[in-house]
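For reference, the chains in residue letters:
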Amino acid sequence: MPVQAVSPLPYRLPKGQKYVVGDTVPGEYYYAVTFDEASHRVVTGEDVYYEIQYGHRVGFVRAADVRLVPSES
């Protein structure tokens, strides 16, 4: 399978911001060149991402780029 480039979204997350983390998922994409389902594949990368809520959107941030901290009580 060819390697697909990661395209960042145009949003900026300022340093020091805090977001609630949802799921932890690997980077992946669906590879399908033809209508023949026998050749379709899910390609999974090595990077791991955290799902966050960003405004009213769901976003994914690269786990290696962020630091997890416990919530304050």
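Above this text sits the structure in question.
The structure reproduced in this document is the subject of the present report.

What counts, and at which threshold
- Residues numbered from 1 in each chain as written.
- Predicted model: local features only at pLDDT ≥ 70, side-chain atom pairs only at ≥ 80, totals over all residues.
- Heavy atoms only, no water.
- Salt bridge = Lys/Arg side-chain N within 4 Å of Asp/Glu carboxyl O.
- Helix = DSSP H or I, 4+ residues; strand = E, 2+ residues; numbered from the N terminus.
- Buried < 20%, exposed > 50% of the residue type's maximum accessible area, 1.4 Å probe, protein only.
- Pairing = 2+ DSSP bridges.
- Axes fitted to C-alpha atoms, helices over the stretch in contact; angles between N-to-C directions.
- Contact = heavy atoms within 4.5 Å.
- Polar contact = N/O pair within 3.5 Å; in protein donor to acceptor, adjacent residues only side chain to side chain.

Some details on the pattern of salt bridges
A side chain with one charge may pair with a side chain of the opposite charge, provided their charged atoms come close.
(1) Moving on: The full count for this structure, using the stated rule, is two salt bridges.
(2) Moving on: Residue Asp 47 pairs with Arg 62 through a salt bridge whose shortest N-O separation is 3.6 Å. Pair noted here: Asp 47 is in strand E2 (residues 41-54) and Arg 62 is in strand E3 (residues 57-62), with a separation of 15 residues, a long-range link.
(3) Moving on: On the accessibility criterion, Asp 47 (34% relative accessible area) is partly exposed.
(4) Moving on: A salt bridge links Asp 65 to Arg 62; the shortest N-O distance between them is 3.1 Å.
(5) Moving on: The partly exposed category is assigned to Arg 62, whose relative accessible area is 33%.
(6) Moving on: It is possible to trace a salt-bridge network through shared partners that takes in Asp 47, Arg 62 and Asp 65.

A closer look at the sheet that holds strand E1 (residues 21-31)
(1) Moving on: Read from one edge to the other, the open sheet built from three strands follows the order E1-E2-E3, with strand pairing classed as antiparallel. The sheet is open, and its two borders are formed by E1 and E3, each paired with just one other strand. Averaged over all pairs of adjacent strands, the angle between strand axes in this sheet comes to 50°, irrespective of strand direction.
(2) Moving on: Judged from the six bridges that link them, E2 and E3 form a sheet pairing that is antiparallel. From the neighbouring strand, Glu 51 faces E3, where its bridge partner is Phe 60.

Quick word on the environment of Leu 13
(1) Moving on: For Leu 13, the position within the fold is in the segment before E1.
(2) Moving on: According to the relative accessible area criterion, Leu 13 is partly exposed, its value standing at 38%.
(3) Moving on: With 48 residues separating them in the primary sequence, Leu 13 and Val 61 have C-alpha atoms 9.5 Å apart.
(4) Moving on: Setting aside its immediate chain neighbours within four residues, Leu 13 contacts Tyr 19, Ile 52, Tyr 54 and Val 61.

So, the side chain of His 40
(1) Moving on: Following the sequence through the fold, His 40 ends up in the loop between E1 and E2.
(2) Moving on: At 2.7 Å, the side chain of His 40 forms a polar contact with the backbone oxygen of Thr 34.

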